[in-house]
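Here is what each chain is made of, one letter per residue.
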Amino acid sequence: MAAAGPVRTNWHPNMKHNEVERWICIYPAYINSKKTRQEGRRLPKENCVENPTYVEIRDVLSVANLHFVVENKQYCREKSREVQFRGRVRVQLRNADGTLCSSEFPTRESVMKHVAGKIPQLKTRQNKPNEPQAQLQSSGATAGPSGGGGGGGGGKKGKGKRR
């Protein structure tokens, strides 16, 4: 039998801070500006980012030199069961003796604000906003001069009643 990953146990007060079960959880919904507070957003909308993924959170945390683990879990308030909405990131805030791992990140809110602030600066995010605008401009340019625009209502002329 192959050796499995670290043994996971339920939480109890005697656990050390460096055990994975004591690390904080960050779901993408926590920093999603498209979600309401009822849907699981934890930060104010101005501090959040639109539709983050666990991959983007992982990329930001790896640059910040924090210890983290990515887990294939789904947020309980997430309505969609698609793969892009799955994922949970656990982050270590404290060492075994209870001291902070990084003085930059004393709380879970500080980690979430840092992640939400850095995701828009990722290269993958900087290319995304330009693509939809280019598609909208090209489709708008072709529909305008053709003269047949108007929402597609002109396509039914001349067909008559179906019997």
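Analysis parameters
- Residues numbered from 1 in each chain as written.
- Predicted model: local features only at pLDDT ≥ 70, side-chain atom pairs only at ≥ 80, totals over all residues.
- Heavy atoms only, no water.
- Salt bridge = Lys/Arg side-chain N within 4 Å of Asp/Glu carboxyl O.
- Helix = DSSP H or I, 4+ residues; strand = E, 2+ residues; numbered from the N terminus.
- Buried < 20%, exposed > 50% of the residue type's maximum accessible area, 1.4 Å probe, protein only.
- Phe/Tyr/Trp six-rings, centres within 6.5 Å; stacked < 30°, edge-to-face > 60°.

Turning to the pattern of salt bridges, a few remarks are in order. Two side chains bearing opposite charge may form a pair once their charged atoms approach each other closely. Tallied over the full model, the rule gives six salt bridges. In this structure, the salt-bridge partner of Lys79 is Glu39, at a minimum N-O distance of 3.5 Å. In this pair, Lys79 sits in the loop between strand E2 (68-71) and strand E3 (88-91) while Glu39 sits in the loop between strand E1 (24-26) and helix H1 (54-63), placing the two residues 40 residues apart along the sequence. A relative accessible area of 24% means that Glu39 is categorised as partly exposed. A salt bridge links Glu71 to Arg88, with the nearest nitrogen and oxygen atoms 2.6 Å apart. A residue pair is termed long-range when its members are at least 10 positions apart, and Glu71 in strand E2 and Arg88 in strand E3 qualify at 17 residues. The residues Glu71 and Arg88 share a single accessibility class, namely buried. Through salt bridges with shared partners, a single ionic network connects Glu71, Arg88 and Arg90.

Once that is clear, we can look at the packing of aromatic side chains. In this structure the tally under the stated criterion is three aromatic pairs. Between Tyr27 and Tyr30, the ring centres sit 5.6 Å apart and the planes meet at 70°, which makes this aromatic pair edge-to-face. Ring geometry for Tyr27 versus Tyr75: centroids 4.8 Å apart, planes at 35°, classification tilted. Residue Tyr27 is located in the loop between E1 and H1, and its partner Tyr75 is located in the loop between E2 and E3; the two are separated by 48 residues in the primary sequence. One exposure class covers both Tyr27 and Tyr75, and it is buried.

By themselves, these figures tell us nothing about what the structure is for.
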